[in-house]
Every structure is written in structure tokens, then in C-alpha cells.
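An overview of the molecular structure
Residue-level listing of the chains:
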Amino acid sequence: MVTASAPGKVILFGEHAVVYGEPAIAGAIDLRIRVRAEKTAKSLKITSETKDHRYVEKAVDVVFEHLGEATGLMIDISSDLPPASGLGSSAAVSVATIAAVANLLGHDLGKNEIARLGYKVELGVQGAASPTDTYTTTHGGIQYIQPRKKGFTPIQASLPLVVGYTGIERSTKELVAGVRKLRDAYPELVSPLIKNIGMVTRQARKSLEAGEDVGDLMNINHGLLEALGVSNDALSRLVHASREAGARGAKLTGAGGGGCMIAYTPGRYRDVINAIEGCGSTAMKAAISAEGVRLE
Ligand code: PMV
């Protein structure tokens, strides 16, 4: 029996603008998905709290194909992450399944190989995907993403965060399409907003590397995302309640339209959790996880 785990992720800066070639910053968080794999005579049996097993099934296929081996499997999944919340649960479960099954078959895959196979799983299930989630959950830490160079650079920093979950499921694809429509209708107005998000992200990289406070930058980034039309009442309420409770900065994370927000909370996480829960939403303390996928 082998257990592997992998962290969820948040986008700290630059969502949506990254679609237009601007940089983004993603961070692995210490809320993890654990995958326990055991050999059996039967084909594949999966137990988990969620009904959607597509990523696990695809990950098993991809790893069998890669290794040129197969076995009957019993897989059990447990998770700290709410599903379909934009916290990267599909990438985390794909990557942890690959690591667990490969190890069970006696193979120790390198991280770049795991990340590459994880991306293949996401492409196979979704049809289109960015490698950000699979890369970040595999390697851990904070990653500076440069889409034009197709590159990831680690940033060394620690960041006390609270994640607030609106409970509203949303479609990343529709939100990305909405921004494109707005940009096509008002290019002179919307293109500078996108460029501005890129500038905020570049400054955030410098500030994080210098160990400086990034609260103001998060607030500016959220304002620009509001202008792009991807926030909503639930997200804005959680963002403002967090700031009023003492968060240094707060913004939506990921596609918006529901899903999650993050609050940067040095020393104040309890007050911020209470404020978010006071709005009827779920709140979780989440620090950056330096560690990506690992065997337990
Ligand atoms: O909601 P998430 O975490 O899948 O993030 C989407 C991020 C976008 O920038 C909106 C889209 C993308 O593909 O980068």
C-alpha cells in the first residue's frame, strides 16, 4: 500500500491577465489531497467523497501507459479541499494518483515527469488546460509564471493566508470568455487594465522576494479584477469583511464569479476566519506549502 499527497493552489496575482501573456503568481497551499493506492486482483475501485472520478481514472491510464505496466487497484481519496472551488483539486488528485501508483509499481518518477504526466491528465479530461496547476501542485512553493516564455520561476516567501469559499460553483471557461467580450467591446479601456494587472504582478514578485507586505498589491489586483467584471456580490462581501477584520489585503482568486477569495492575514487569521464565517461562507487557514507532491 502506498499513500501520496499533493497540495491545492491559489493564484496570488495575475489571473485573467495571464491569458493575454502577462505574468501570474501561484502558490501551493497546505491543504492537501491524499491518495492511497493498493494492489488488488480486480480492475479499478475508487472510494472518495466526490462522485467525479474522471481525473483519477485518467491518471491511472496515463501512468500505466507511461510505465508499460498495469495492475488491479483499490484507490481511496481524502481531501482538505472543497471540490470545484478553483483551489486546484483536480490537478492535486491527478498528480498524487500518478505518484502513488508509480511508486506502488516500484518506480520513483522525477517531479518534472510527474508534472508532465499530470498536465496530460488535465488535457485528456478537460480538452484544454494551462500547466500552472499541475506544475504548482507537483513542485510546491510560490511560482512566478511567464506564459510567453512558458517558464516557471520559484519565489522564496512565506505568506499567511485565509481562504474563503463562497460555495458558488463557476465555469472558468465562461468567465474567461466574458473578459474577452469586454476587451473586444472596449479595447482602449480594457487592454490597459490587463497590462496594469501585469504590472501589479511584477511588483508583487519584487515585494515577495524582498519580504515586504503585499496587502496593498492584492487590493489593487482585486480592484482591477472587479473592473474586468469577474467579481460578484459574494466575493466582494468576503473581501471587504476580511479587510475590515484586519486582513492586510484581500482579493478573489482564480476565475472569479464564485469560487474562492484569499486574505493576507499576518497575525489576524482568527478574526478574518470569523468575519468570513459571519457572512455564511466557509473559511480555512492556509499557509503556503513549500512541499509539492510527496509520499506519506
Ligand atoms: O479558477 P482557476 O483557479 O482555474 O483559475 C483560472 C485562471 C484564469 O487566469 C482565469 C484562466 C487561466 O487559464 O489562466
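Residues numbered from 1 in each chain as written. Predicted model: local features only at pLDDT ≥ 70, side-chain atom pairs only at ≥ 80, totals over all residues. Heavy atoms only, no water.

With that settled, the discussion passes to the overall build of the chain. If you tally the helices and strands in the chain, you get nine helices and 11 strands. For the chain, the C-alpha radius of gyration of 19 Å lies close to 19 Å, the compact-globule estimate for 296 residues. For the chain, restricting intrachain contacts to residue pairs at least 6 apart in sequence, the fraction spanning at least 24 positions comes to 76%. Of the roughly 12800 Å² of accessible surface on the chain, a fraction of 50% belongs to carbon and sulfur atoms. Side-chain charges in the chain split into 33 positive and 31 negative, and the spacing between the mean points of these groups amounts to 3 Å. (Helix = DSSP H or I, 4+ residues; strand = E, 2+ residues; numbered from the N terminus. Rg over C-alpha atoms; globule rule 2.2 N^0.38 Å. Contact = heavy atoms within 4.5 Å. Areas by Shrake-Rupley, 256 points an atom, 1.4 Å probe, with all protein chains shown as cover. Lys, Arg positive; Asp, Glu negative; His and termini not counted. Charge placed at Lys NZ, Arg CZ, Asp CG, Glu CD.)

The subject of this paragraph is the site of the ligand. Surveying the vicinity of the ligand reveals the residues Lys9, Ile11, Glu15, His16, Val18, Val19, Gly86, Arg170, Thr172, Val176, Gly254 and Ala255. Lys9 has a polar side-chain atom sitting 2.9 Å from an oxygen atom of the ligand. A distance of 2.4 Å is found between an oxygen atom of the ligand and a side-chain nitrogen or oxygen belonging to Arg170. In the complex, 80% of the free accessible area of the ligand, which totals 380 Å², lies under the protein chains. Taken together, the elements giving at least two residues each to the shell around the ligand come down to β1 (2-13) and α5 (172-185). Per-domain counts for the shell around the ligand show at least three residues from each of domain 1 (2-156) and domain 2 (161-285). (Near = heavy atom within 4 Å. Polar contact = N/O pair within 3.5 Å; in protein donor to acceptor, adjacent residues only side chain to side chain. Domains from an automatic or database assignment.)

Once that is clear, we can look at the state of the cysteines. Enumeration over the complete set of coordinates arrives at zero disulfides. The closest cysteine sulfur to the non-disulfide-bonded Cys260 is located on Cys279, 14 Å from its own sulfur. For Cys279, a relative accessible area of 28% translates into the label partly exposed. (Disulfide = S-S within 2.5 Å. Buried < 20%, exposed > 50% of the residue type's maximum accessible area, 1.4 Å probe, protein only.)

Mapped onto the secondary structure, Thr172 falls in helix α5. A sequence separation of 156 residues divides Thr172 from His16, and the C-alpha atoms of the two residues are 9.8 Å apart.

Quick look at the domain arrangement of the chain now. Buried accessible area, meaning the area lost when the parts come together, often serves as the stated size of an interface. Per the domain assignment, the segments making up the chain are domain 1 (2-156) and domain 2 (161-285). Placing a centre on the C-alpha atoms of domain 1 and another on those of domain 2 gives a separation of 24 Å. Summing both partners gives a buried area of about 2700 Å² for domain 1 against domain 2, and 68% of it is carried by carbon and sulfur. A per-residue breakdown of the area domain 1 buries against domain 2 is headed by Phe13, His16 and Tyr20, which together make up 29% of the total. There are two salt bridges connecting domain 1 and domain 2. The partner of Glu15 in a salt bridge is Lys251, with the nearest N and O atoms 2.9 Å apart. The interface formed by domain 1 and domain 2 holds eight residue pairs in polar contact (both at pLDDT 80 or more) in total. Contributions of two or more residues to the side of domain 1 that touches domain 2 are made by β1, β2 (24-40) and β6 (151-155). Taken together, the residues of the side of domain 1 that touches domain 2 sort by class into 17 nonpolar, six polar and four charged. (Buried area = accessible area lost by both parts, 1.4 Å probe. Salt bridge = Lys/Arg side-chain N within 4 Å of Asp/Glu carboxyl O. Nonpolar A, V, L, I, M, F, W, Y, C, P; charged D, E, K, R; others polar.)

Attention shifts here to the packing of helix α1 (residues 54-67) against helix α3 (residues 111-126). Running from N to C, α1 and α3 point in directions that differ by 130 degrees, and their axes come no closer than 9 Å. On the basis of their axis angle, the class for α1 and α3 is oblique. Of the two possible hands of crossing, α1 and α3 adopt the one that is right-handed. Contact with α1, carried on its side by Arg54, Tyr55, Lys58, Ala59, Val62, Glu65 and His66, involves Glu113, Arg116, Leu117, Lys120, Val121, Glu122, Gly124, Val125 and Gln126 of α3 and no other residues of that element. (Axes fitted to C-alpha atoms, helices over the stretch in contact; angles between N-to-C directions. Parallel < 35°, antiparallel > 145°, perpendicular 65-115°, else oblique. Left-handed = near helix turned anticlockwise from the far one by under 90°.)

Counting 90 residues, the largest nonpolar core has Leu12, Phe13, Ile25, Ile75 and Val101 as the members making the most contacts within it. Sorting elements by how many residues they give to this core places helix α2 (residues 89-104) first, with 10 residues. Taken together, domain 1 (2-156) and domain 2 (161-285) each give at least three residues to this core, which thus spans both. Setting aside residues up to four positions removed in sequence, Ile25 forms contacts with Val10, Ile11, Leu12, Phe13, Ile142, Gln143, Tyr144, Ile155, Thr201, Ala204, Arg205 and Leu208. (Core = buried A, V, L, I, M, F, W, Y, C linked by side-chain atoms within 4.5 Å.)

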